[in-house]
Amino acid sequence: MNKTVNINLASTFFQIDEEAYKVLNQYLKKLEITFSETDGKEEILEEIEARIAELFQASKKHNHYVINQDDVTKMIETLGEPEDFNLEEEPQTRKTQKSNEKKLFRDTDDCYIGGVGSGIGHYFVIYAVWVRLLFILLTFLSGGSFALIYWILWVLIPKAESRADKLKMKGDPVNIVNIERKIKEEFDDVKEKINQLDYDQAKSSLKKIKKFLRLLRKSFSPST
Amino acid sequence: MKIENATAQMRKGVLEYYILSLIFKKDLYTSEILVSLKKGKMLVVEGTVYPLLSRLKNVKLLTYRWEESSSGPPRKYYSITPEGKTFLIDLESAWKELNKAVNIITKSKIRYNEQNR
């Protein structure tokens, strides 16, 4: 049994099975990342989306046809992987070199309070547990005033929000292969949960969880 | 070195010239451009064309307009700008020079081979 998903590509309606949807979604995300620094990114993506719709339309054999993985694979073969697009190479290599540097971020995927401990852990390549223990120890030794330092760090260190941030945090060079790996990792994480739910339902419940966490954090943060 | 890589580089180098010449003759929409490029074996993957067209538009060598089509969604028609035409003329003379130079070398190589046989 296969679930189907309704999608809308360049204002054209398609039904697509779940597995094919995942592949398509990943491909579109990869394209978005590839062109994230390019002028006229929206236009390029729009045109590619229109082309995908055109190709899908051609493989639709009847009105109730459900796009399957073969159709998606065929489409990707025609359009090509973003690595094969042959964009101007020079500015790109400059960018990757720059982003090879490691940066200090807060890791909110792995956190108890604000992710400061795990962020510092990533930066100095030590286990976050040691950083956390050190922080707790220092807080006790300083009679609590060290908590203020934690709070300052929390405010000053930016949160690793984008995938690129998360890679920089760990010192991985930001390139397509790494970002793809990252997407896959994230995807596997939520796959289990989403399998049980409808896509839309999952989206709204994720929002609720986020909201809840935000409230929780607010109530934990020291009021100064 | 693989022959595919070398030929891909060659094609990439003349791709802009090819596309500008194509649109110079007649305004075209994206799929028509793709068809012609494929016929001329100028493309490995279609994806290459979109960023290239966008770049040519951004530097104002090309413009586009939307046109309704009787079958399916509206089409994006590209046409060449006056700047594009001047640029194309420059490209053409550069191409002719290059072509001549390459031809002289390649021809003489063939003659050299024949003489030494």
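Scroll up to find the structure.
Residues numbered from 1 in each chain as written. Chains lettered and ligands numbered in written order. Predicted model: local features only at pLDDT ≥ 70, side-chain atom pairs only at ≥ 80, totals over all residues. Heavy atoms only, no water.

## Some words on the interface of chain B and chain A
Right, so step 1: Chain B puts 18 residues into the contact, and the matching count from chain A is 19 residues.
Right, so step 2: Here chain B and chain A share an interface that buries about 1600 Å² over both sides, 49% of which is from carbon and sulfur atoms.
Right, so step 3: Our count for the contact surface shared by chain B and chain A stands at three salt bridges.
Right, so step 4: With a closest N to O distance of 2.7 Å, R51(A) and E46(B) form a salt bridge.
Right, so step 5: At the boundary of chain B with chain A, the tally comes to nine residue pairs in polar contact (both at pLDDT 80 or more).
Right, so step 6: Broken down by secondary-structure element, the contributors of at least two residues to the side of chain B that touches chain A are helix 2 (30-39), helix 3 (49-58) and strand 3 (75-80) of chain B.
Right, so step 7: Per element, the largest residue contribution to the side of chain B that touches chain A is six residues, and it comes from helix 3 of chain B.
Right, so step 8: When grouped by side-chain class, the residues that make up the side of chain B that touches chain A number six nonpolar, six polar and six charged. (Contact = heavy atoms within 4.5 Å. Buried area = accessible area lost by both parts, 1.4 Å probe. Salt bridge = Lys/Arg side-chain N within 4 Å of Asp/Glu carboxyl O. Polar contact = N/O pair within 3.5 Å; in protein donor to acceptor, adjacent residues only side chain to side chain. Helix = DSSP H or I, 4+ residues; strand = E, 2+ residues; numbered from the N terminus. Nonpolar A, V, L, I, M, F, W, Y, C, P; charged D, E, K, R; others polar.)

## Description of helix 1 (residues 18-34) of chain A
Residue and element names in this part refer to chain A.
Right, so step 1: When the terminal C-alpha atoms of helix 1 are compared, their 24 Å separation across 17 residues agrees well with the 24 Å that a helix rising 1.5 Å per residue should span.
Right, so step 2: All of the buried residues in helix 1 are E18, A20, K22, L24, Y27, K30, L31 and T34.
Right, so step 3: N-capping of helix 1 is provided by D17, with a side-chain oxygen placed 3.2 Å from the backbone N of E19. (Expected span 1.5 Å × (residues − 1). Buried < 20%, exposed > 50% of the residue type's maximum accessible area, 1.4 Å probe, protein only.)

## Regarding helix 1 (residues 3-25) of chain B
Residue and element names in this part refer to chain B.
Right, so step 1: Between the first and last C-alpha of helix 1 there are 32 Å, a value that for 23 residues agrees with the 33 Å anticipated at 1.5 Å per step.
Right, so step 2: The principal kink in helix 1, of about 45°, is found at V14.
Right, so step 3: Turning to helix 1, its buried residues number three or more, namely L15, Y17, I19, L20, L22 and I23. (Bend = angle between axes of the 7 residues up to and from the residue.)

## Structural notes on the sheet that holds strand 1 (residues 28-29) of chain B
All names here are of chain B.
Right, so step 1: Spatially, the three strands line up as an open sheet ordered 1-3-2, and their pairing is antiparallel. The open sheet has two edge strands with one neighbour each: strand 1 and strand 2 (62-67).
Right, so step 2: Examined bridge by bridge, strand 2 and strand 3 share six bridges and lie antiparallel to one another. Paired with W66 across the two strands is K76, which belongs to strand 3. (Pairing = 2+ DSSP bridges.)

## Here's the deal with the side chain of K57(B)
Right, so step 1: For K57(B), the position within the fold is in helix 3.
Right, so step 2: At 2.5 Å, the side chain of K57(B) and the side chain of E43(A) are in polar contact.
Right, so step 3: Non-local contacts of K57(B), meaning those with residues more than four positions away in its chain, are made with E43(A), L62(B), T63(B) and Y64(B).

## Some thoughts on a positive patch on the surface
Residues and elements named next belong to chain A.
Right, so step 1: A contiguous patch of positive charge, built from K207, K210, K211, R214, R217 and K218, is present on the exposed surface.
Right, so step 2: On the secondary structure map, K218 appears in helix 10 (residues 199-220).
Right, so step 3: Given the relative accessible area of 63%, K218 is considered exposed. (Patch = residues over 30% accessible without salt bridge, like charges linked within 9 Å, V, L, I, M, F, W, Y side chains within 5 Å. Areas by Shrake-Rupley, 256 points an atom, 1.4 Å probe, with all protein chains shown as cover. Lys, Arg positive; Asp, Glu negative; His and termini not counted. Charge placed at Lys NZ, Arg CZ, Asp CG, Glu CD.)

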